Amino acid sequence: MRRVPQPPPEIRSDFGDSSDDSEDPDQVYPKPQSVNMTDRDVFLPVPGWGKGRYSSLCSDDELLDDDNEPISNRQSSWQDYGLSTLQESVYLPVTGRVLAQPPRDGPSPVLKMGWLDKNPPQGSLYYQRRWVKLDVDYLRYFDNDKEVYSKRIIPTAAITGVTNVGEQKFEVVTTNRTFLFRAESDFERNEWVSVLQNFTRGCQEGSRVITSSVPHSSMTPGSPLTPDQQGYLELRGLRSKLYTVVSGDKVFLYKNMEDYRLGIGITSIDMNVGNVKDTDRRSFDLTTPYRIFSFLADSEQHKDQWVEAMREAIGEALSNSEVANQIWAEPSNGCCADCGAAKPEWAAINLCVVVCKRCAGEHRGLGPSISKVRSLKMDRRVWTEELIQVFLLLGNERLNRFWAANVPPSEALSPTSCSEDRRRFISSKYRQGKYRKYHPLYGNQEELNNALCINVQCSDVLETLCLVFCGADVNCSTGQADCPSPLSLALAHNQKLQAQFLSHNLNTELPRSEVTGVMEPQHYSPQHPVTHNGFLFKTASMARPITERKAREEFSRRWCMLNDGNFSYYESDKTSTPNGTLKSTEIVCLAVNTPEKHGYDHTFELYSDSERIYLFGTDDPDSHREWVKSITKTFIPSNAEGLLRLAFERIGRLRYKDGLNLQSPRVGWFALVGSSLHAYLEDSVEEEEIHLRKLQELSIQQENEVLVLVERGRTLYIEGERKLDFQGWCVSMQRAAGSAGDSLSQQQLTETDIPVIVDRCIDYITQCGLTSEGIYRKSGVNSRVAALCEAFRRDARSVRLKEGEHQVDDVSNTLKRFFRESGEGLFTIQAASAWLSTPVIPEESRKICQYQLLLSQLPRVNKATLRALVNHLYCVQRFAELNQMNLHNLAIVFGPTLFQSDGKDYTAGLVVEELIEHYTDVFEVDELQLKRQLDEITAIIKVREKLNHNSSVPASGSAGDFICTVYLEEKKETTEQHVKIPGSMTAAELTCEILDRRKIQVREKDYWSCWEISQKEETERPLHHLERVLPIIHSLGTDSHLLVKKHLAMEAIRIYLASKVDVSKHGMVKFREERSILGLGLNTGSFHDRYFILSTASLRMYKEVRSNRPEREWQVKNLRVYLGIKKKLRPPTCWGLTLINGSEKQEKPERQQWYLCCDTQTEMREWFSTFLTIQYDGNVWPADAVQTRVTRALPADTRHGNVALIPLRGSENEMRNSVAAFTADPLGLFRDV
């Protein structure tokens, strides 16, 4: 019998938080040698188990930087033992090295383990206590018996000898080094030596057989692993890199390549508990339940290769086809029991059916009380031999004779059935038992129970299944004292398969006998076996948000119990009748309040579906934490249990819409943690994380009670279960999405991790202020700067910097004030001294390398912000001849600002100056991309200079003229034209001016016209030749533009209108309405056939031809008609019209849109022609086919002196404000060119 000695008493050091590397020696090594104490801190930190202790993968006796271990029988120095000479090394066996066994599937059996003393290889005076394990693959030693990751792994096949050396010590000899261990007694030492010798002798004999049969040339001295990926990686916390190998379902860490070739490693990581997360450009995290390994690759490309290799290792670790192949050995299990899809990889272990992935998702929706879904390939532990035999015995075919005995052909599933059909069928089949074959005893509970007790004593598992799912009680009484339940009765009669089936159905919810009403999807919250009790302090429940502070006197002490999914509170622990009870299914949200928000330090709120809030409190933080954890477990479903590990502020279920599914909301589970929203959405197997401070938009639609979260490429619409619950989420998420402090990481951020305030200010100054003399040196108006800083601090996302409203110097001073007042500064307090000491480095190359090193050590947000700022300052100084801000001047301004100093020492300015000067080298900038950026800025400056020059010429333009970019035939840089648009210019005049500029001759029947193009809506509209252009420009969004091109259909339109007798039109058209720009107002879901009548006064819509009353009616003059319908609405044809309410008397600011879809292009053209002729009284095109050029006299400027041009930006109200402010800022002429 193996004796495992007890761990020795832990020896603590008096040096604070030191690790066990400072343990006191308990026995002196016979031949003491000097110890290199400078290298004792090189270790890999791992979270320790004991309080105040730290453990490591490599202790001070396993140096990573410099390996000075003695080599047994060494003939030459370590320097001679390199990669180049390793092939013929004298330290390797002549016949080829002894190969360790490859990694096995699952953990290897442990042959022996216990505490041993190990002396360091340098011959230190210190013995170190190590927990040592020997299995068939490796001899490993650990810091303690609770550690998961070893400090050293020695392949058993590499052990060449094990010998006693006296005084309870023994040596383990490998091909390149000797390890000395000491046991607590001679008996223990002899036991270790015996086990090691017996086992390694067998390995060596087996290895000789292998090596003798392999040619010597093929036996390279390398690792026995078959690597999928190998190379050096930097591990955070180490000064040197580790040689890392991904092999199969494990990751191995070695000190260097030599150790890898010899098989002597540090530790191995089982990937079945691992998760790989991409963290930065070159770094990634390998997360396990026991520690996080933060790796840094040499390049982004290498990082991607490592991440892919490790994720494949995780997949291999979690995958096991052995069970699947066994289950599929029964032919009927090779097809899904519900839809018939081939090779199903999932099973409901209590229902005994094998199903495909899509059907398994619907089974999960039933909840584990009805269907316990497990994977054939990943859930290896659940698949016992008995359970596999049950599935082979029953099989899908036999089971469907019971479950699907009465399926109507019209309701049967196929592999291509949609999710809605699957959900309906599977719920009917298993939740309601609609198609099952009823047992003859159905309805007679007593007889069913008796039959079950009799049947479990034989081998007919199918009969037992029929009895159970027709109502027999699995937990019924058998009437026998020694076998009180059917399960114990089956075990007593050695019916293991019966017992296996019963054990998985002890708490199964049986199918309902009757179904009434309309079946709707039900979202299941599992009843966790959670129990907890204790005293809490409670206030009276409320039907409104708790906004005021609750004093201690308002709380009452209550005995609270959590049991069987019910949370009950009593007057005292002696009372048997509860004052109130909350079922877990009634709880929709739990909110954890900030400490000391109320009279008791730690409080939490429970929101119920009956629109009540329950407030509980305690002064004990541990009790508070335990209650929150226990209550949350009862109402969070199993597929969202990942949320329970988070330190959430609010957790619960919400309804949501996203993507193309805007018709009906789905249910998701959400947790708010700091500024991140974690979610498990329906049909999603992985947790999603939404960074609220990085959202492009966060808004609330009060009329619809919808919270809108807009991030790049996605919009999520969140609805509350109840109004009270929704209000709490809105307040919490708005607060989390705002700026939370003065540090950079606490600001609202862009997608590239730059604070929004920095991004907006830099963008504005680049567009409008690069030519401003003394930019960043001149002061702004203090009141305006303070107001702008406060606006950014309140909600940076909502601040829009516009010419005319904001002055360049105010914006530049806002940016400087932000950096000066930021919490830890841009360079951080800890690293500021290192930055300031860098300019004294004499060699430029070393200096740049030092800057790059310091840059890589900055926090993510600081690094991105510094890059953006230095890029901006580099561009500013490139135009110093215009703004007088050269390299030195910028450094004088920004040095003290960024380092938050008094400016007396120029060292801070020198750092900024050198960062700007060496910008391309320090930040590794793509020079081609930088040149493109400078060219764009140069183009903006030239246009502004040209406009400034024109404004100095008398009568060159009238006050109120606007600049607009118009494109010819297609939108690209070579076709753009910048045109002054006076208020009187018509579409025909604008078209003529563009054609004149490009010297285009207009031929007969060339119908050139100006078009309004909307890229977002995928629509276009030809402007009427008499239509004023300026109001159209005011209404254009950022995704719209003006385009001059030929109207190819105008000839056909004129012919159609000439032949038309009646001006009106009627007919059937497919119709869809969208009242809100977010698509959440009135959701019709699809296009419907409607009958329309278009007359001179109105457009009327009827449900059908015979209808007497119109469903809707519009005034034709108020409609703006566009050609085209956006594709995401999925119109039945591509021939459609988009109608927008263009009335100026709209009460609501929302944009109302309607869509008419025609069957043919001709039909669409006829409807569009009729709209045109009614709206413009038949004047669709000028009488002469060729448009005449119109010369316009430029009236003298009578209002704004020589100010000629006002840049176009924003809405009509914003434009009017710009006109008023334009006099004060004649330089701000152009933006967004």
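The structure under discussion appears in the preceding block.
Cut-off values and rules
Residues numbered from 1 in each chain as written. Predicted model: local features only at pLDDT ≥ 70, side-chain atom pairs only at ≥ 80, totals over all residues. Heavy atoms only, no water. Helix = DSSP H or I, 4+ residues; strand = E, 2+ residues; numbered from the N terminus. Buried < 20%, exposed > 50% of the residue type's maximum accessible area, 1.4 Å probe, protein only. Contact = heavy atoms within 4.5 Å. Areas by Shrake-Rupley, 256 points an atom, 1.4 Å probe, with all protein chains shown as cover. Bend = angle between axes of the 7 residues up to and from the residue. Pairing = 2+ DSSP bridges. Axes fitted to C-alpha atoms, helices over the stretch in contact; angles between N-to-C directions. Phe/Tyr/Trp six-rings, centres within 6.5 Å; stacked < 30°, edge-to-face > 60°. Lys NZ or Arg CZ within 6 Å of the ring centre and 35° of its normal. Core = buried A, V, L, I, M, F, W, Y, C linked by side-chain atoms within 4.5 Å. Patch = residues over 30% accessible without salt bridge, like charges linked within 9 Å, V, L, I, M, F, W, Y side chains within 5 Å. Salt bridge = Lys/Arg side-chain N within 4 Å of Asp/Glu carboxyl O. Lys, Arg positive; Asp, Glu negative; His and termini not counted. Charge placed at Lys NZ, Arg CZ, Asp CG, Glu CD. Arc of directions from axis to C-beta. Parallel < 35°, antiparallel > 145°, perpendicular 65-115°, else oblique. Nonpolar A, V, L, I, M, F, W, Y, C, P; charged D, E, K, R; others polar.

Overview of the overall build of the protein
Logical step 1: Scanning the protein for helices and strands turns up 29 helices and 46 strands.
Logical step 2: Out of the 1233 residues belonging to the protein, those deemed buried represent 51%.
Logical step 3: A separation threshold of at least 6 residues defines the contact pool for the protein, and within that pool the share at least 24 residues apart is 62%.
Logical step 4: Split by element, the accessible area of the protein, about 58100 Å² in all, is 48% carbon and sulfur.

Some words on helix α6 (residues 385–403)
Logical step 1: At Gly395, α6 shows its largest bend, some 65°.
Logical step 2: Among the residues of α6, those classed as buried are Leu387, Ile388, Val390, Phe391, Leu394, Gly395, Asn396, Leu399, Asn400, Phe402 and Trp403.
Logical step 3: Those residues of α6 that are buried lie in contact with α4 (321–328), β17 (346–348), β18 (353–355), α7 (419–431), α9 (461–468) and α11 (496–503).

Here's the deal with the sheet that holds strand β8 (residues 169–174)
Logical step 1: The strand order across the open sheet formed by seven strands is β6-β5-β4-β3-β9-β8-β7, and the pairing between neighbours is antiparallel. The two strands at the open ends of the sheet, each matched to only one other strand, are β6 (152–155) and β7 (159–166). When the angles between neighbouring strand axes are averaged without regard to direction, this sheet yields 30°.
Logical step 2: Of the strand pairs in this sheet, β7 and β8 are connected by six bridges, and their pairing is antiparallel. Note that in β8 the partner of Val162 across the bridge is Val172.

Some words on the packing of aromatic side chains
Logical step 1: Taken as a whole and assessed by the stated rule, the structure comprises 38 aromatic pairs.
Logical step 2: Where Phe567 meets Phe616, the ring centres are 5.2 Å apart and the plane angle is 75°; that geometry is what we call edge-to-face. Of this pair, Phe567 sits in strand β22 (residues 566–570) while Phe616 sits in strand β26 (residues 613–618); the two residues are 49 residues apart in sequence, bridging distant segments of the chain. You'll find Phe567 and Phe616 in the same group, each marked buried.
Logical step 3: In this structure an aromatic cluster arises from ring pairing among Tyr149, Phe284, Tyr290, Phe293 and Phe295.
Logical step 4: Looking at Arg650, its charged tip hangs above the ring of Trp729, at a distance of 5.7 Å from the centre.

Topic: the nonpolar core
Logical step 1: Grouped together as the largest cluster of nonpolar side chains are 65 residues, with contacts concentrated most on Tyr776, Trp835, Leu866, Phe894 and Leu915.
Logical step 2: With ten residues, helix α19 (residues 860–878) is the largest single contributor of residues to this core.
Logical step 3: Those residues in contact with Leu915, other than ones at most four positions away along the chain, are Phe827, Trp835, Tyr851, Leu866, Val870, Val922 and Phe923.
Logical step 4: Residues Cys352, Phe425, Cys483 and Phe501 belong to the second largest nonpolar core, which totals 49 residues.

Some remarks on a negative patch on the surface
Logical step 1: A surface patch of negative charge is lined by Glu844, Glu917, Asp921, Asp926 and Glu927.
Logical step 2: Note that Asp921 resides in helix α23 (residues 919–922).
Logical step 3: Here Asp921 falls in the partly exposed class, since its relative accessible area comes to 40%.

So, the sheet that holds strand β11 (residues 241–247)
Logical step 1: If you trace the seven strands from one edge of the open sheet to the other, you get β13-β12-β11-β10-β16-β15-β14, paired in antiparallel fashion. Two strands in the sheet have a free side with no partner beyond their single neighbour: β13 (267–270) and β14 (275–278). Strand-to-strand twist of the sheet, defined as the mean angle between neighbouring strand axes without regard to direction, takes the value 35°.
Logical step 2: As paired elements, β14 and strand β15 (residues 283–287) share four bridges and run antiparallel to each other. Of the residues in β15, the one forming a bridge with Val276 is Leu286.

Concerning α4
Logical step 1: Of all the residues in α4, the buried ones are Val323, Ala324, Ile327 and Trp328. Considered in projection along α4, the buried side chains sweep an arc of 130° and stay on one side of the axis.
Logical step 2: The inward-facing, buried residues of α4 contact β18 and α6.

Digging into the pattern of salt bridges
Logical step 1: Per the stated rule, a full pass over the model turns up 55 salt bridges.
Logical step 2: In this structure, Lys778 engages Asp809 in a salt bridge whose closest nitrogen and oxygen atoms are separated by 3.8 Å. In this pair, Lys778 is assigned in the loop between α14 (756–768) and α15 (782–795) and Asp809 in helix α16 (residues 808–821), connecting sequence segments 31 residues apart.
Logical step 3: What makes Asp809 buried here is its relative accessible area of 17%.
Logical step 4: A salt bridge links Asp1089 to Lys1070; the shortest N-O distance between them is 3.7 Å. Taken as a pair, Asp1089 in strand β40 (residues 1088–1094) and Lys1070 in strand β39 (residues 1065–1074) lie far apart in primary sequence, 19 residues in all.
Logical step 5: The exposure class of Asp1089 is partly exposed, given its relative accessible area of 44%.
Logical step 6: Each of Glu362, Glu420, Asp421, Arg423 and Arg424 takes part in one network of salt bridges that share partners.

Describing the packing of α6 against α11
Logical step 1: Running from amino to carboxyl end, α6 crosses α11 at an angle of 95°, the nearest separation of the two axes being 9 Å. One element, α6, and the other, α11, form an angle in the roughly perpendicular class. Residue-level inspection shows Glu386, Leu387, Gln389, Val390 and Leu393 of α6 in contact with α11, the latter providing Lys496, Leu497 and Gln500.
Logical step 2: A per-class count over the contact of α6 with α11 returns four nonpolar, two polar and two charged.

A look at the environment of Glu446
Logical step 1: Residue position: Glu446 is located in helix α8 (residues 445–455).
Logical step 2: Put simply, Glu446 and Asp473 are 27 residues apart on the chain and 9.3 Å apart in space, counted from C-alpha to C-alpha.

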